[in-house]
Amino acid sequence: MSSISSLLLLFITCLCVKVDTFSRFPVGALFNHETNSRSEEVFRVLSSLDTSKPFQGRILHPNVINSLSVSQELCSDTSENKGIVALIDVRPTNGICDITCLLCNKLHISHLSVAWEIPDTSDQDEFSFFYHPPSELISKAYATLIKELEWDRFTFFYEDDGSFVRLQEVINSWPYNNERIQFEKLEPDGDNRKTFKNVFGVLRISYHLIDCDVNNIQKYMKEIVSVNNSTQYQSFILTALDSYLIKLDDISQLRANVSTLHLTKSNEPIWRDFGIDTAEMPVLIETALTADALNHFEKAIRTMRQENMMEYVDPPEICFAENKAAYKEKAWIHGEALKEVLLQTTFRGTTGNITFDENGKRTNFTLYYSKLDKESQFVHVGTWDSKTDSFLTINNAVTDRSKAITSDSVVRVAMKVGMPYFDVEEANGTIIQKGYAVDLIDAIFKHIRQQKGYGDIKHEIYKTNANSAGNPIAGTKKWDGLIGEVLELNAEMAISDITITSERSAVVEFSMPFMSLGISMLVRERDPQQPDMFSFIKPLALDVWLYLATAYIIVSFVLLICARMSQGDWVNPHPCNQHPENLQNIWSLYNCMWLTVGAIMTQGCDILPRAAGSRWVTGMWWFFALIVTASYTANMSTFLSNSRRDNEIKDVKELSEQNEVSYGVLINGSTYNFFENSNDSVYQKIWTVMKSAKPTVFTNNNDEGRDRVVRSKGNYVFFMESTAIEYYMQRNCDLKMVGSKLDSKDYGIALHKNSPYKRLVDNAILALQETGDLLSLKKKWWESDVKEGNCEKSTNEAEDNGSLQMKNTSGIFLVLGFGGILGFFVAIIDFLLHARQISVKEKVTFKEALLSEWRASLDPRVLHKPAAPPRSAPPSVTPSPRRERSQSRAVSVLRAATSFINFDEIY
């Protein structure tokens, strides 16, 4: 009896176990050699954790790889009443619904995919559920992140063509007016250092997006630091959702900004409930999605049981059928119901909210935003919401790694030789660096060291061989000059007369301006003209003066002839005598010339003609004298004004309208580019003339342009920055700045893109500006007591207030003196002739007559003198015959001359 009871009890127990087994829904999990072993472990733990679960898990691990072989092996695994109602497909399928996926959909077996899928799904995938967030939303999140980080250009690193599908939104949303995306393929098993070197060194791109397998990230980062020792100026976004779990602290040289998005957190407490230690081995997204898929399936099954939606029916085997009708006949009867429940069931899993749209795709999920901190650990700093497509920052304490300045940081500052900015001298074996840029950078770092946390920062000045601020090298993407030094990572910053331009700002970052300026013209003062003492002659040309003198003589003779011929000019010398024996004519040649010269001198005359003919001649001469005098006065005024006025170029328009003075600029400099790219007609004309000038008017540096201006003696104009002109003017009195500034520009300090020093340098410059130190530094290096050239001109010019100077009027005094001396000699001759006449007339000696006239004429107290001098002895009665002949001959000549000139009758 006891044996029969035991057998009966055993049979009942087995029956109960069989019934319980049939009531549990079988779910399979498909793994292969590419899946993570932790995912299989988690599935096993969750399946066996509680025997009361409404499902039983089966691990399917085919030993084949290709899709067809996998489906055939899956057929054998689900045959003989070993079917499954759902398949959790953990395999990486590269976004493709393969044969296994298609078979599950045809047989109404829920296909729970963990891998990412392509954005577009077909009607054949209606029983597929994608627990991995849709690639289009992930791509959208990275596109938004790139926009948040304000990237202006970036490199897209990829391993396979699937990246263009997964990150399609990143490519499509990139603005068309930005620089194009640089696509570079990485070889997981190859050497990529050449690729990285080209991107960092040649293309000079600082922003990069890397879409690769998470296991290859360390390899790529090591290759990056091997070719770029200044990674602090680089920024990377890692698109693999497991990137935040990578340990990068062993790559000490990596100082780049590294960001990533992820769906899970490494310290979720639920893993401890499952008995899984995440400290030794972090949980990957594949494992988390496997657990979420199984737990979500469990919740759906429980919902179906609670609502008594179905009774368990064995699912079909997952095998090929002969035709479409055969698939419909074999399809699991409760597949539709399970699909609807799965779509409607929401669940909070390790990857966030599990909700699906009508296509079985995840919706309403959140991505975590993490950045690499100073200790090379990823720190959660924000979240991205798929519903709003926006980032929410929750941790502002984590700064960019590139902005992290260590206590032992030594900042290299590049400078080029050229005063007043930088120069090097050697005195007693000691190298001395001096200049405005040296003092400015010292003042900047002095201010930085006063800030909290930057007390130990150091800087060193790096002398370069550059002779320019920096220009693109034709045919390459490299730059020369100071900009090239910064881009080649030889220095953290560069300072000199570097003009901030859009072209330079595209490759480097500039500090706030420390000096404002504009383009102006440097010219040399023309050598002062030697004073012309006969400048009063200049208003009329030499031939005019000759014609005027000729006309004066001719008119005087014509007037003399007319006056002699006209009876009206013969008058009664004694008006009281009505019947005079003789008539008198006062118009001698002397008086005619006196009248004409008085008219031309606008002084008039005390005698005037009486006859009509002589008056007409005199009137015409007065009219002529009026025109000549007025013309001379007007020309004299204009001449004096022009002599005071500077005949040099006044502005750029006047310069462009002449062809006597040449002009040039520094080749390939910012001023050169200003004229080359200007749309102004005047500047375009100047550019055309400069470009076609032979020999060339361009110079290699500013000093060469200055020397050319000095040598030209006013026949060459050099366009350059106003600050440089001011510096040269302080040292050479012959140089000056002409015209207003053609534009407005600034000098700034060139730094790397994303430089950690920019904010510190900007604050320091602003502080120096507020305290007036910038102005003091400029005065120190611009003003100088040692000057060249003609520095006395300023004193002379200051005395010239527009009045006529002695150096220009000395000729007038010379004429006056010469005329006075000539008149004096004429008076002497007249005095001697008069004395001779007296001696002959009064029969006295010439000496007696001369002494008598001398005493009588030169005594200012005596207003009268005797008509004849007193005789000292009786005259000789019998003069010699020879003396009588000589006297009569002299008297005849004197009478003839007196008769013509009529000296005795001057009125």
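Calculation rules
- Residues numbered from 1 in each chain as written.
- Predicted model: local features only at pLDDT ≥ 70, side-chain atom pairs only at ≥ 80, totals over all residues.
- Heavy atoms only, no water.
- Helix = DSSP H or I, 4+ residues; strand = E, 2+ residues; numbered from the N terminus.
- Buried < 20%, exposed > 50% of the residue type's maximum accessible area, 1.4 Å probe, protein only.
- Contact = heavy atoms within 4.5 Å.
- Areas by Shrake-Rupley, 256 points an atom, 1.4 Å probe, with all protein chains shown as cover.
- Salt bridge = Lys/Arg side-chain N within 4 Å of Asp/Glu carboxyl O.
- UniProt positions renumbered as here; feature names shortened; annotations may be inferred.
- Pairing = 2+ DSSP bridges.
- Core = buried A, V, L, I, M, F, W, Y, C linked by side-chain atoms within 4.5 Å.
- Patch = residues over 30% accessible without salt bridge, like charges linked within 9 Å, V, L, I, M, F, W, Y side chains within 5 Å.
- Arc of directions from axis to C-beta.
- Phe/Tyr/Trp six-rings, centres within 6.5 Å; stacked < 30°, edge-to-face > 60°.

Undergrad: Before we move on, could you go through the overall build of the protein and cite the residues and values that matter?
TA: Assigned secondary structure in the protein consists of 30 helices and 30 strands. Of all 907 residues assigned to the protein, the portion counted as buried reaches 45%. Partitioning the contacts of the protein with sequence separation of at least 6, the portion at a separation of at least 24 is 69%. Of the roughly 48,700 Å² of accessible surface on the protein, a fraction of 54% belongs to carbon and sulfur atoms.

Undergrad: I'd like to hear about the pattern of salt bridges, residue by residue, with values.
TA: Going through the model one piece at a time under the given rule, you end up with 26 salt bridges. For the salt bridge of Asp-191 with Arg-193, the shortest nitrogen-to-oxygen distance reads 2.8 Å. The exposure class of Asp-191 is partly exposed, given its relative accessible area of 47%. Residue Lys-758 is joined to Asp-762 by a salt bridge in which the shortest nitrogen-to-oxygen separation is 2.6 Å. In this pair, Lys-758 and Asp-762 are both assigned in helix H25 (residues 758–771), four residues apart and thus about one turn of the helix distant.

Undergrad: Give me the lowdown on the UniProt feature "site: Crucial to convey clamshell closure to channel opening" (unreviewed entry) in the protein, citing residues and values where you can.
TA: In the numbering used here, UniProt assigns the feature "site: Crucial to convey clamshell closure to channel opening" (unreviewed entry) to Ile-649. By the secondary structure assignment, Ile-649 is in the loop between helix H19 (612–644) and helix H20 (652–656). For Ile-649, a relative accessible area of 15% puts it in the buried group. Dropping the residues within four chain positions of it, Ile-649 is found in contact with Glu-654, Leu-655, Gln-658 and Val-738.

Undergrad: Explain the pairing of strand S14 (residues 378–385) to me, using residue names and the numbers behind them.
TA: As defined by bridge partners, strand S13 (residues 366–372) adjoins S14 across seven bridges and the pair is classed as antiparallel. Paired with Leu-367 across the strands is Trp-384, a residue of S14. Taking the residues between adjacent antiparallel strands as the criterion, S13 and S14 are bridged by five residues, where Ser-376 takes a positive phi near 60 degrees. Bridge count for S14 against strand S15 (residues 390–393) is four bridges, and the pairing is antiparallel. When the bridges of S15 are listed, Gly-382 appears paired with Thr-393. The turn linking S14 back onto S15 is made up of four residues, and Asp-389 within it adopts a positive phi angle of 50 degrees.

Undergrad: If you had to explain the sheet that holds strand S30 (residues 750–751) to someone new, which residues and values would you point to?
TA: With mixed pairing, the five strands of this open sheet are ordered in space as S19-S16-S20-S30-S21. Of all strands in the sheet, those bounded by a partner on one side alone are strand S19 (458–463) and strand S21 (509–510). Across two bridges, S21 lies against S30 in antiparallel orientation. Its bridge partner lying in S30, Glu-509 is registered against Leu-751.

Undergrad: Mind laying out the nonpolar core, listing which residues take part and the relevant values?
TA: In this structure, Ile-88, Tyr-142, Phe-154 and Phe-297 are the most contacted members of the largest nonpolar core, which totals 76 residues. At 10 residues, the largest contribution of residues to this core is made by helix H11 (residues 285–306). Setting aside chain neighbours within four positions, we find Phe-154 in contact with Ile-146, Val-170, Trp-174, Ile-181, Gln-182, Ile-205, Tyr-207, His-208 and Leu-209. Judged by nonpolar contacts, the second largest core, of 68 residues, contains Ile-444, Met-515, Ile-519 and Tyr-672.

Undergrad: Could you give me a rundown of a nonpolar patch on the surface, with the residues and numbers involved?
TA: A cluster of nonpolar side chains, namely Ile-821, Phe-824, Phe-825, Ile-828, Leu-832 and Phe-846, defines an oily patch on the protein surface of about 560 Å² accessible area. Broken down by element, the nonpolar patch gets its largest block of residues, five residues, from helix H28 (residues 806–841). By the secondary structure assignment, Phe-846 is in helix H29 (residues 846–857). Here Phe-846 falls in the partly exposed class, since its relative accessible area comes to 32%.

Undergrad: Let's hear about helix H3 (residues 67–77): which residues, and what values?
TA: When H3 is considered as a whole, its buried residues turn out to be Val-70, Ser-71 and Leu-74. Along the axis of H3, the buried residues cluster in a sector spanning 95 degrees; they form a single face. Residues of H3 that are buried make contact with strand S1 (25–30), strand S2 (55–60), strand S3 (86–89) and helix H4 (99–106).

Undergrad: Give a detailed account of the packing of aromatic side chains, specifying residues and quantitative values.
TA: All told, the structure shown has 36 aromatic pairs when counted by the stated rule. For the ring pair Tyr-663 and Phe-719, a centre distance of 6.2 Å and an interplane angle of 80 degrees mean the geometry is edge-to-face. Of the two residues, Tyr-663 is situated in strand S26 (residues 662–664) and Phe-719 in strand S27 (residues 716–721); the sequence distance between them amounts to 56 residues. Since its relative accessible area comes to 4%, Tyr-663 is described here as buried. Ring geometry for Phe-674 versus Phe-675: centroids 5.3 Å apart, planes at 75 degrees, classification edge-to-face. Residue classification places Phe-674 among the buried positions, given a relative accessible area of 18%. Owing to a relative accessible area of 1%, Phe-675 belongs among the buried residues under this scheme. An aromatic cluster of three or more residues is present, and its members are Tyr-421, Tyr-436, Phe-514, Tyr-727, Tyr-728, Tyr-747 and Trp-782.

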